[in-house]
Amino acid sequence: QVQLVESGGGLVQAGGSLRLSCAASGRTFSAMGWFRQAPGKEREFVATISWSGGYTRYAESVKGRFTISRDNAKNTVYLQMNSLKFEDTAVYYCAAGLWASPSVSLGDYKSWGQGTQVTVSS
């Protein structure tokens, strides 16, 4: 099973930017996703990308501000986060999907990273 390691989280002021990275221990011939979990809330979908990178989908709350991308040669997925808001504060997780096609459902992901904390100060 592929191992995933997220990095790039931190503390940023509202309106700022961060780029998260997710490095896989091997080639993932599957869709990849980013999810987040705020304190006291359930884990929620943020963004997903197909194996080819040709299809992406975003949660309405981040559409137009976040961009998911991947570099299959480096086995790495990225989440560029711009115009960050206080409500974006959460632990962000990347996940490897069961299928090549992307999904917004947690149950369609088989491997998860340990998470990286993103804190946005207002």
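Up top you'll find the structure we're talking about.
Residues numbered from 1 in each chain as written. Predicted model: local features only at pLDDT ≥ 70, side-chain atom pairs only at ≥ 80, totals over all residues. Heavy atoms only, no water.

As for the overall build of the protein chain
Link 1 in the chain: Helix and strand content of the protein chain: zero helices and 11 strands.
Link 2 in the chain: Ordered by position from N to C terminus, the α and β elements of the protein chain give β-β-β-β-β-β-β-β-β-β-β.
Link 3 in the chain: A compact globule built from 122 residues should have a C-alpha radius of gyration of about 14 Å, and the protein chain, at 13 Å, falls within 12% of that.
Link 4 in the chain: With the principal axes as the frame, the protein chain shows a C-alpha extent of 40 × 30 × 25 Å.
Link 5 in the chain: Within the span of the protein chain, comprising 122 residues, buried residues form 45% of the whole.
Link 6 in the chain: Summarising the internal contacts of the protein chain: among those between residues at least 6 apart in sequence, 57% fall at separations of at least 24.
Link 7 in the chain: Total accessible area computed for the protein chain in this model is approximately 6,100 Å², and 50% of it derives from carbon and sulfur atoms. (Helix = DSSP H or I, 4+ residues; strand = E, 2+ residues; numbered from the N terminus. Rg over C-alpha atoms; globule rule 2.2 N^0.38 Å. Buried < 20%, exposed > 50% of the residue type's maximum accessible area, 1.4 Å probe, protein only. Contact = heavy atoms within 4.5 Å. Areas by Shrake-Rupley, 256 points an atom, 1.4 Å probe, with all protein chains shown as cover.)

What about the pattern of salt bridges?
Link 1 in the chain: Under the defined criterion, the tally for this structure stands at four salt bridges.
Link 2 in the chain: R36 is the salt-bridge partner of D88, the closest N and O atoms lying 2.9 Å from each other. Of this pair, D88 sits in the loop between β8 (76–81) and β9 (90–97) while R36 is found in strand β4 (residues 32–37), placing the two residues 52 residues apart along the sequence. Exposure class is identical for D88 and R36. Each is buried.
Link 3 in the chain: Measuring nitrogen to oxygen at the nearest pair gives 2.7 Å for the salt bridge that ties D88 to R65. With a gap of 23 residues between them, D88 in the loop between β8 and β9 and R65 in the loop between β6 (56–58) and β7 (66–71) connect regions that are remote in the sequence. The same class applies to D88 as to R65, namely buried. (Salt bridge = Lys/Arg side-chain N within 4 Å of Asp/Glu carboxyl O.)

Here we look at the packing of aromatic side chains
Both the distance between ring centres and the angle between the ring planes are used here to describe each pair of aromatic rings.
Link 1 in the chain: What the rule picks out here adds up to five aromatic pairs.
Link 2 in the chain: Ring geometry for F35 against F45: centres 5.9 Å apart, planes inclined by 70°, an arrangement best described as edge-to-face. In this pair, F35 sits in strand β4 while F45 sits in strand β5 (residues 44–49), placing the two residues 10 residues apart along the sequence.
Link 3 in the chain: Residue classification places F45 among the buried positions, given a relative accessible area of 13%.
Link 4 in the chain: Seen in terms of ring centroids, F35 and Y109 are 5.1 Å apart; in terms of plane orientation they differ by 80°. Their pairing is edge-to-face. (Phe/Tyr/Trp six-rings, centres within 6.5 Å; stacked < 30°, edge-to-face > 60°.)

Focus: the sheet that holds strand β3 (residues 18–24)
Link 1 in the chain: Taking strand neighbours across the sheet as the criterion, the four strands line up as β1-β3-β8-β7 in an open arrangement whose pairing is antiparallel. In this open sheet, the two edge strands, each paired with only one partner strand, are β1 (4–7) and β7. Neighbouring strand axes in the sheet, compared pairwise and without regard to direction, differ in orientation by 15° on average.
Link 2 in the chain: In the sheet, β1 pairs with β3 via four bridges, with the strands oriented antiparallel. Across the sheet, the residue bridging to L4 is A24, located in β3. (Pairing = 2+ DSSP bridges. Axes fitted to C-alpha atoms, helices over the stretch in contact; angles between N-to-C directions.)

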